[in-house]
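# Descriptive analysis of the structure
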Amino acid sequence: MEKAFAKNLINIEPYVAGEQPKSDSIIKLNANENPYPPSPAVYAAISSFDAEDLKKYPPMDAAPLRKAVAEFYGLDRSCVFAGNGSDDVLATAFRAFFNSDKPILYPDITYSFYPVWCELLKIPYKVIPVDEGFNVHIEDYFIENGGVVLPNPNAPTTIGLGLEAIEELIRHNRESVVIIDEAYADFNDVNCVPLIKKYDNLVITQTFSKSRSLAGMRVAAAIADPYLISYLDAVKDSYNSYPMDAVAISAGVAAIGDRDYFQETRAKIIATRDRVTAQLRELGFILPDSSANFLFATHPDHTAEEIFLFLREKGIFVRYFKKPRIDNYLRITVGTDEQMDRLIEALKELIG
Ligand code: PMP
């Protein structure tokens, strides 16, 4: 029998994250995590953290982290907001900036959390199809809207747009807020931070989960004109004044402070990515050049589902989305060289 209060419960289809298998022997290439550990500075920050400090609330507004991100980019700290992973920051931004009766715009093939937040927050939206090659065409976004959100590079397609295209997008949408989700921008040579001083309708979200190996710590930032940052703070202070805990703030400060380690890890992933792209093409895979830390590949002779299941059987987890337009593609995170060698060996076994 249905409970009397059932009609009051939320009816929503939540986002489904990549599987988190328990076994360490699994090669985990399904959640776009960084295969390398965090910077040694993060280990030092965590081991020297005084647990007694946990009796107090964390630093107000995660101020040390905002300051560190501002310093990294040479910005004023009033341009930075910090949150508990970019999912938290993005959800806060959707709430703060997309309060219009007009639909917000984003690509049909993109981060599948966007429609979930729209449903949750009752934000109208319109999806703009990417072309056959999964390219985003900026002109398609020159229509009336209540906001725009676009990952650059896009996920799961791996395709990045240049700064000029992004600037064009922002210039044609001066009446609404444009959020550029830069979760993977560190694996590309393009980020929009230089545009912040020019455009007061631009919001950039960045995460420490990918290029800084802190997925388990939940650390992220938004960068925007201080006027928009004040709205993010107002939303944050309307549901949770302290979304970031004290340990995460210390780890984040340490991670962003170690520029050499960041550059070294990033360069390793980019080199592995480009090598594996060529190897996959040799095996007959078709895939765009990736600007991210993952690949998006299809094969003419084997279905993506077949390859996914074959790899899974071998203990190699990649991501397969049973969704229109992309149900014959696999999203493969770039792991270490050894992990990717194992992947290529397994694929050779299947494909010959
Ligand atoms: N944006 C995109 C495009 C992503 O793929 C992800 C990772 N799932 C996120 C944002 C959120 O990452 P996090 O919450 O770990 O910062």
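In this text, all values refer to a predicted model and were calculated from it rather than measured experimentally.

## Observations concerning the overall build of the chain
The secondary structure content of the chain amounts to 10 helices and 12 strands. Rg of the C-alpha trace for the chain: 21 Å, near the compact-globule value of 20 Å for 352 residues, within the 12% margin. Overall, the chain is about 60 × 55 × 50 Å in size when its C-alpha atoms are taken along their principal axes. The burial tally for the chain puts 55% of its 352 residues in the buried class.

## Digging into the domain arrangement of the chain
In terms of domain boundaries, the chain breaks down into domain 1 (4-38 + 260-351) and domain 2 (40-258). One C-alpha centre belongs to domain 1, the other to domain 2; they are set 23 Å apart. At the junction of the two partners, domain 1 supplies 35 residues and domain 2 supplies 38 residues. Carbon and sulfur atoms make up 63% of the surface buried where domain 1 meets domain 2, a total of about 2900 Å² over both sides. Contact with domain 2 buries area across many residues of domain 1, yet Tyr15, Phe262 and Arg325 alone supply 26% of it, more than any other trio. Here domain 1 is connected to domain 2 by 2 salt bridges. The residue Arg266 makes a salt bridge to Asp189 at a minimum N-O spacing of 3.4 Å. Where domain 1 meets domain 2, there are 16 residue pairs in polar contact (both at pLDDT 80 or more). Sorting the residues of the side of domain 1 that touches domain 2 by element identifies α8 (259-282) and β9 (294-297) as the ones contributing at least two each.

## Details of the side chain of Ser112
If you trace the backbone, Ser112 turns up in the loop between β3 (104-107) and α4 (113-121). In contact with Ser112, not counting residues within four places along its chain, are Tyr15 and Lys323.

## Comments concerning the nonpolar core
Counting 55 residues, the largest nonpolar core has Leu65, Val69 and Leu202 as its most contacted members. Split by domain, this core shows at least three residues from each of two domains, domain 1 (4-38 + 260-351) and domain 2 (40-258). The residues contacting Val69, other than those within four sequence positions of it, are Val80, Phe208, Ala221, Ile223 and Ile256.

## Details of the packing of aromatic side chains
Pairs of aromatic rings are described using the distance from one ring centre to the other and the angle between the two planes. Counting across every chain of the model gives 21 aromatic pairs. Ring geometry for Tyr106 against Tyr114: centres 5.7 Å apart, planes inclined by 65 degrees, an arrangement best described as edge-to-face. Note on Tyr106: relative accessible area 2%, which makes it buried. On the basis of relative accessible area, Tyr114 is assigned to the buried category, the value being 0%. Look at Phe296 and Tyr329: their rings are 4.8 Å apart centre to centre, the planes differ by 20 degrees, and that puts the pair in the stacked class. Of the two residues, Phe296 sits in strand β9 while Tyr329 sits in the loop between β11 (319-320) and β12 (330-333), which places them 33 residues apart along the sequence.

## Quick notes on the pairing of strand β7 (residues 202-207)
Taken across its 6 residues, β7 has 6 buried, putting it largely inside the fold. Along β7, one buried face is formed by Leu202, Ile204 and Gln206 and the opposite face, lined by Val203, Thr205 and Thr207, is buried too. In this structure, strand β6 (residues 178-181) lies alongside β7, joined through 4 bridges in parallel fashion. Residue Val178 lies in a different strand from β7, and its bridge partner there is Leu202. Inspection of the sheet shows β7 paired to strand β8 (residues 220-224) by 5 bridges, in the antiparallel sense. Paired with Thr205 across the two strands is Ala222, which belongs to β8.

## Regarding the site of the ligand
Near the ligand, the surroundings consist of Gly85, Ser86, Asp87, Leu90, Tyr111, Asp181, Ala183, Tyr184, Thr207, Ser209, Lys210 and Arg218. At 2.6 Å from an oxygen atom of the ligand is found a main-chain nitrogen or oxygen belonging to Ser86. Residue Tyr184 places a side-chain N or O atom 2.6 Å away from an oxygen atom belonging to the ligand. Bound to the protein, the ligand loses 92% of the 400 Å² it would expose on its own. With 3 residues, helix α3 (residues 86-97) is the largest single contributor of residues to the shell around the ligand.

What counts, and at which threshold
- Residues numbered from 1 in each chain as written.
- Predicted model: local features only at pLDDT ≥ 70, side-chain atom pairs only at ≥ 80, totals over all residues.
- Heavy atoms only, no water.
- Helix = DSSP H or I, 4+ residues; strand = E, 2+ residues; numbered from the N terminus.
- Rg over C-alpha atoms; globule rule 2.2 N^0.38 Å.
- Buried < 20%, exposed > 50% of the residue type's maximum accessible area, 1.4 Å probe, protein only.
- Domains from an automatic or database assignment.
- Contact = heavy atoms within 4.5 Å.
- Buried area = accessible area lost by both parts, 1.4 Å probe.
- Salt bridge = Lys/Arg side-chain N within 4 Å of Asp/Glu carboxyl O.
- Polar contact = N/O pair within 3.5 Å; in protein donor to acceptor, adjacent residues only side chain to side chain.
- Core = buried A, V, L, I, M, F, W, Y, C linked by side-chain atoms within 4.5 Å.
- Phe/Tyr/Trp six-rings, centres within 6.5 Å; stacked < 30°, edge-to-face > 60°.
- Pairing = 2+ DSSP bridges.
- Near = heavy atom within 4 Å.
- Areas by Shrake-Rupley, 256 points an atom, 1.4 Å probe, with all protein chains shown as cover.

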